[in-house]
Structures are given as structure tokens and as C-alpha cells.
Amino acid sequence: MKHPSTEEIQALPQTAAAQAQLDAWIASRSTPEALLWFRQQCQQISTAKQERDVYRAMGLAARKMGKADLNLDSDELAAANQLRPGFDPSGWSLDIAARVAFLLASYASDEAQFANQLDRIADSAEINELIALYCGFPLYPAAMAIEHRAREAIRSSMRPIFEAMAHRNPYPMEAFDEAAWNQMVVKCFFLDSPLWPLQGLEQRNNPALAAILLDLVHERWAAGRSISPELWRCVTPYAAYTDIAGKSDVLRVLEQGRDIERLAIAKSLPEHDNSLRVICEQQQLITRAAHISWQQLLDETNH
């Protein structure tokens, strides 16, 4: 079977384009037997439009397709972003891709029906099925009709489920209101989940979030506990602009904090001149911060 080109995939309607792209990735990484099974399930789901077919296919996906990582190369990741801006399946496995494709195949141009079906599947899914379901949110139709289910994901106390929605996913940035967004960011610190894989952190940053995180800082300090240096990424921009209480907290870290925390503050400074930037320059933090990514910074914290 000839695989469609990237240009041919992009010319398709969004849901069909997503299915075609997933099929191409799966085809190049599957055995002939697994690929035949996968395509038969997609055809059955698409033709019959019976919910039980989706349940069955999702339940068998790991056994039939395996759990090997897709390991997409740079060109494939670029194609993913062209398919849907922000779509980043770099951590996906074969069974995740297959399960998302099954859900896409079930769409019958009825957004309400799709949203209701997604709810029912999520309610009965086991953890790996649920992770796949949430990973697929950037590709699903009915984006706003399924937003309530996305909120369920960020309320989860199970880190893999939470991260399936929060990490490498453009959906929360685009769909969540401020309260839901702030809840997701704060939850990262309670689950010990990194912030750096969140998309849109700077764009969605807001004073209410900074205030919530400052309260968390005070609680952790009072208990003698440390906190992830990534927190200052959400606080420093507001402390730099105003004389809010957070400015004294940032100054305290610059005077007494760990080197990794001071680097995080320097990395979070806005471009305009301010007293915090002067201090960071005096401590020779600005240049160092510019040459370290948030992922590297957090990795150094954990070592």
C-alpha cells in the first residue's frame, strides 16, 4: 500500500489527515500481521460506527500492536506540528497511536455524539487506555465539547494520567480557562511533575497563578521543605514589574537560595531593565541562564 505524502495528508480534512498520519507512522513500525489487524479495526469502526468495536479494539491494542516507542525522527515531528500546531507525539508508543486512531475512526461528524462516547469510554477505561485517550486530545474533533473530560485528567492524582494531558499537549493552553490552567500548573508541584513539558507556560502565565505559587512557597519554607526551581518561572515576571510581596521572596532567593534557584530566576526575568536584573548581572547569572534549558536546569536539581 502506498503511503500518502505529507502534502497529501495535509490536504485532507483534519480528522482524516490525523488518521492518515497515524497510519503512516504505524505502518512503518509494525509487523504485517499487526498492521493488517490495525487497519481492519479502523475499517470496522469507521463503517459500523458501533461503540463496542471501539472498546474491543482499544482493549486489544497493546497485545496486537505492542508497546514499542514510535521514536519519531525530526522530519516526522515536523510533520506532526504541520498537521496540528503544537502536536508533539514524541513520547508516544505504537499502542497509544493505534488507540487514538481508533477513536478518530469512530467520529461520525456529530460532535455531541463523539463527546458522549468519549465520556463513556473514559469512564470504563483502564489506565493505559486512559493515557492514550488523553494523549489524543490535540487531534480530536469537538474540542470544546470534550473540555470537561480534559479537566478530569488534570484532577487525577495518578501522575501518568495527569501528564498525558498536561505534557507536550497544546490542548490545555488553548481550551482551559484561567482557573483550570492555574490548577494544572499548581498540580505539577504536588505531583512532582516538571513544568518544562507544558506548552504555552509564558503565554498563559497570570498574576493569580503567581499569587497561588507564592503561598505555596511560604508553606514549603515554613515546613523546611524545598521547592522546584521551576516555580520561579511563573513568579519572577510579576515580581520584576511591581512591588508585590513576591519581590521580597525573589530577593531572598537571590541572596540565600541555591544556585539552581537563582539561575531559574535569572532565566525568568522579562527583557526590560529592572532591579532584579541588575542583581542577577552582578551575580553573573544572566549569561549562565541563557545557556541552560529548563529541562537541563531541572535535571541538575535532581542530581
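Here the structure is a predicted model, which means the values were calculated and not measured. (Residues numbered from 1 in each chain as written. Predicted model: local features only at pLDDT ≥ 70, side-chain atom pairs only at ≥ 80, totals over all residues. Heavy atoms only, no water.)

Caption draft 1: Broad picture of the environment of leucine 298. Secondary-structure assignment places leucine 298 in helix α20 (residues 294-302). Spatially, the C-alpha atom of leucine 298 lies 7.4 Å from that of proline 229, the residues being 69 residues apart in sequence. Non-local contacts of leucine 298, meaning those with residues more than four positions away in its chain, are made with Pro194, Trp196, Ser228, Pro229 and Glu230. (Helix = DSSP H or I, 4+ residues; strand = E, 2+ residues; numbered from the N terminus. Contact = heavy atoms within 4.5 Å.)

Caption draft 2: Looking closely at the packing of aromatic side chains. In the structure shown here, the tally under the stated rule is eleven aromatic pairs. Aromatic side chains tyrosine 107 and phenylalanine 114 sit 5.7 Å apart centroid to centroid with 90° between the ring planes, which places their arrangement in the edge-to-face category. A relative accessible area of 1% means that phenylalanine 114 is categorised as buried. For the ring pair tyrosine 134 and phenylalanine 137, a centre distance of 5.8 Å and an interplane angle of 45° mean the geometry is tilted. The exposure class assigned to phenylalanine 137 is buried, which follows from its relative accessible area of 1%. Ring-pair connections join several aromatic residues into one group, and the members of that group are Tyr107, Phe114, Tyr134, Phe137, Tyr140, Tyr171 and Phe176. Above the face of the phenylalanine 190 ring, arginine 220 is positioned so that its terminal group lies 5.7 Å from the ring centre. A cation over a ring is seen here: arginine 252 above tryptophan 221, with NZ or CZ 3.9 Å from the ring centre. (Phe/Tyr/Trp six-rings, centres within 6.5 Å; stacked < 30°, edge-to-face > 60°. Buried < 20%, exposed > 50% of the residue type's maximum accessible area, 1.4 Å probe, protein only. Lys NZ or Arg CZ within 6 Å of the ring centre and 35° of its normal.)

Caption draft 3: Representation of the side chain of serine 93 in the model. Topologically, serine 93 is positioned in the loop between α5 (74-83) and α6 (94-105). Judged by relative accessible area, serine 93 falls into the buried class, the value being 8%. With near-sequence residues (within four places) excluded, serine 93 lies in contact with Lys67, Ala68, Asp69 and Leu70.

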